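Survey of secondary and tertiary structure
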Amino acid sequence: MRKWLSTVAGISLVATAVCPSPAPAAEYLLGPQDKIRLKVYEWRASRDVIFEWTALNDSFVVGADGTLFLPFVGQIRAEGTAPGDLARSIGDRLMQHMGLGRQPDVAVEIAQYRPFYIVGNVKQPGEFPYRPGLTVLQALGIAGGLPIREDDVSRLQREVISSQGEVGLLALSNVSLLARKARLQAELAGSEDITFPSELRDRASNETVALAMDQERKIFAIRKDSLATQLRSLRELKDFLQKELASLEQQLTFHDKQIQLIQKELAGVSNLVQKGLAVAPRELSLEGTVAQMQSDRLAAETSMLRVRQDMSKTDIEILNLGNQRSSEIAESLRETQQQLNEVTSKSDTAVQLLHETQVTAPALLALRQNAAKAKPIFTIVRPKDGGTEELAAQETTFVEPGDTVKVEIPLPKSGLDSLPAADASVQAETNAVGSTN
């Protein structure tokens, strides 16, 4: 009997100790997402033992509808119920459903409270685990506290440096593309030199601009010499073919004269052979010589046709070289203009962002710094009767599970219209990039 009394007393102490309350004046009531742990024991006098209900000694989560589903108990309402009241309700259900002579000893402890939420002007808004006795100030600390002005200053400084670097790179790209465009236009027109736009000539004292113009002049000279070399080679080949054609024409004239002389001699020999004054083999020899000379003449005519064909091919190659070069230059010019348009668009955006970061954002930050002295406004949005209610709160106000804490830092209502205009440095960047487009 003493053993039984000792055990029951221990269970009672557990049931009392495991039901903490977050607020000194209110008992904690269960709700959806609360995770509870059950401990159910029964004294069986016939055996003088304490029986453990292992099927129920487990953790359970309150459903979204505020109920629990338990073995041997079924569905039971938990939302809005204190842990002690829930323990008694479970004991009654077990006694009724299982036909017990008395209620088993049931202890309900909260294994994990449902979360609370914090939003607004905090470093890390979101969902966080609840803890008993949580106040608004403690919740603010869990969310990282209020934003620190120094973080904003460092971020703005990084953004300014990054924006300045991007604007500078776009300015360099713009200069390079303008110089390339001028060189391509000169090549397409067949000019002897490049005529750079006034945007570059007026800034020729700038080292970057001067370097870009000098590089394009060197490229222009190299490409011009290359084209001249190719054309010179084709023209020299054509001259050689013309000389070869003239030589073949002379050979053809010489063959014609030889054929005429041999045919004349053959006619005389043939007359003598008919009269019996010359032998026939002499006539046959002359006829063979005539045939050979005619064959050589035909070979010379074939060579002349080949040379004329090669000359036509050379003319076509000269024409194609010019057309192909013009086509390549026109395509490069189109791509360069497209890149210039893209750089112009990116430059405009980058300059605007730099202006906002370097001027507008610091002005807004100054307003925030002026408002930093204002006391944060805390509001608790608490679920109630299927809806919500908003409660004004202080730093010492207790937070309940499921609450949403809103933190707001009021800003001055005036002063936004007095933001400064772009300063000289931003305007200089604008002129350096935008004016060259």
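Presented here is a report on the structure given in the accompanying data block.

Calculation rules
- Residues numbered from 1 in each chain as written.
- Predicted model: local features only at pLDDT ≥ 70, side-chain atom pairs only at ≥ 80, totals over all residues.
- Heavy atoms only, no water.
- Helix = DSSP H or I, 4+ residues; strand = E, 2+ residues; numbered from the N terminus.
- Buried < 20%, exposed > 50% of the residue type's maximum accessible area, 1.4 Å probe, protein only.
- Contact = heavy atoms within 4.5 Å.
- Areas by Shrake-Rupley, 256 points an atom, 1.4 Å probe, with all protein chains shown as cover.
- Pairing = 2+ DSSP bridges.
- Axes fitted to C-alpha atoms, helices over the stretch in contact; angles between N-to-C directions.
- Polar contact = N/O pair within 3.5 Å; in protein donor to acceptor, adjacent residues only side chain to side chain.
- Salt bridge = Lys/Arg side-chain N within 4 Å of Asp/Glu carboxyl O.
- Expected span 1.5 Å × (residues − 1).
- Arc of directions from axis to C-beta.
- Phe/Tyr/Trp six-rings, centres within 6.5 Å; stacked < 30°, edge-to-face > 60°.
- Core = buried A, V, L, I, M, F, W, Y, C linked by side-chain atoms within 4.5 Å.

1. Some points on the overall build of the chain
Helix and strand counts for the chain come out as eight helices and 11 strands. The burial tally for the chain puts 32% of its 437 residues in the buried class. Long-range pairs, those at least 24 residues apart, make up 65% of the contacts in the chain with a sequence separation of at least 6. As displayed, the chain has an accessible area near 25900 Å², and 53% of this comes from carbon and sulfur atoms.

2. Focus: the sheet that holds strand S11 (residues 404-408)
Reading across the sheet, the five strands line up as S8-S7-S11-S9-S10 and stay open at both edges, with mixed pairing between neighbours. In this open sheet, the two strands that pair with only one neighbour each are strand S8 (126-128) and strand S10 (387-393). On average, each strand axis in the sheet is tilted by 25 degrees relative to the strand beside it, whichever way the strands run.

3. Digging into unusual backbone geometry
Positive phi outside glycine occurs at Gln-33, with the angle close to 80 degrees. Counting through the fold element by element, Gln-33 comes out in the loop between helix H1 (2-17) and strand S1 (35-44). Exposure remark for Gln-33: the relative accessible area of 46% places this residue in the partly exposed category. Of note, the phi angle at Phe-72 is positive, near 65 degrees, even though the residue is not glycine.

4. Re the side chain of Ser-347
Tracing the backbone through its elements, the reader meets Ser-347 in helix H7 (residues 280-371). For Ser-347, a relative accessible area of 2% puts it in the buried group. For Ser-347, the side chain forms a polar contact with the main-chain oxygen of Val-343, separated by 2.6 Å.

5. Some words on the pattern of salt bridges
All chains considered together, the criterion is met by 21 salt bridges. Here Arg-306 makes a salt bridge to Asp-310, at a shortest N to O gap of 3.4 Å. Of this pair, Arg-306 and Asp-310 both sit in helix H7, four residues apart, which is roughly one turn of that helix. The shortest N-O distance in the salt bridge between Asp-403 and Arg-382 comes to 2.8 Å. Of the two residues, Asp-403 sits in the loop between S10 and S11 while Arg-382 sits in strand S9 (residues 377-384), which places them 21 residues apart along the sequence. Comparing Asp-403 with Arg-382 shows no difference in burial state: the two are buried. Among the charged side chains, a salt-bridge network with shared partners connects Arg-183, Glu-187, Glu-216, Arg-223 and Arg-325.

6. Overview of helix H2 (residues 83-98)
In an α-helix, one turn spans 3.6 residues; hence positions three or four apart end up facing the same way. If you check H2, its first and last C-alpha atoms are 22 Å apart, about what 16 residues at 1.5 Å a residue would give, namely 22 Å. Pro-83, Leu-86, Ala-87, Ile-90, Gly-91 and Leu-94 are the residues of H2 that are buried. Projected down its long axis, H2 shows its buried positions confined to an angular sector of 140 degrees, all on one face. Where H2 is buried, its residues touch S1, strand S4 (67-70), strand S5 (74-77) and strand S6 (105-112). A positive backbone phi angle near 65 degrees is found at Gly-99, which sits one or two residues after H2.

7. Describing the packing of aromatic side chains
Under the criterion given, the structure shown has five aromatic pairs. Pairing Trp-53 with Phe-72 gives two aromatic rings, centres 5.9 Å apart and planes at 75 degrees, and the pair type is edge-to-face. Of this pair, Trp-53 sits in the loop between strand S2 (49-52) and strand S3 (59-61) while Phe-72 sits in the loop between S4 and S5; the two residues are 19 residues apart in sequence, bridging distant segments of the chain. Taking the relative accessible area as the measure of exposure, Trp-53 reaches 7% and is therefore buried. Look at Phe-72 and you get partly exposed, because its relative accessible area is 42%. Judged by centre distance (6.1 Å) and plane angle (35 degrees), the ring pair of Phe-116 and Phe-128 falls under tilted. Taken as a pair, Phe-116 in strand S7 (residues 116-120) and Phe-128 in strand S8 lie far apart in primary sequence, 12 residues in all. For Phe-128, a relative accessible area of 14% translates into the label buried. Each member of the aromatic cluster is reached from another via a ring pair, and the members are Tyr-28, Tyr-113 and Tyr-130.

8. Thoughts on the pairing of S9
The pairing of S9 with S11 spans five bridges and is antiparallel. Bridging from a neighbouring strand, Ile-377 pairs with Glu-408 of S11. Where S9 meets S10, seven bridges bridge the pair, whose relative direction is antiparallel. Bridged to Phe-378 within S10 is Ala-393. The antiparallel pairing of S9 with S10 creates a hairpin that spans two residues between the two strands, and Asp-385 there sits at a positive phi of about 50 degrees.

9. What to know about the environment of Met-95
Mapped onto the secondary structure, Met-95 falls in helix H2. On the accessibility criterion, Met-95 (26% relative accessible area) is partly exposed. For the pair formed by Met-95 and Val-73, sequence separation is 22 residues and the distance between their alpha carbons is 9.6 Å. Every residue in contact with Met-95, bar those within four places of it in the chain, is listed here: Leu-100, Gly-101, Arg-102 and Gln-103.

10. A few points about the nonpolar core
Core analysis: the biggest nonpolar cluster contains 39 residues, and Leu-68, Leu-70, Leu-86, Ile-90 and Ile-118 have the highest contact counts within it. Those elements that place two or more of their residues in this core are S1, S4, H2, S6, S7, helix H3 (136-142), S9 and S11. The element best represented in this core is H2, accounting for four residues. Setting aside anything within four residues of it in sequence, one finds Ile-118 in contact with Pro-125, Gly-126, Phe-128, Ala-139, Leu-140, Ala-143, Val-405 and Val-407. Among the nonpolar cores identified, the runner-up in size contains 20 residues, and Leu-177, Leu-178, Ala-212 and Val-343 belong to it.

All we've got here are geometric facts, nothing functional implied.
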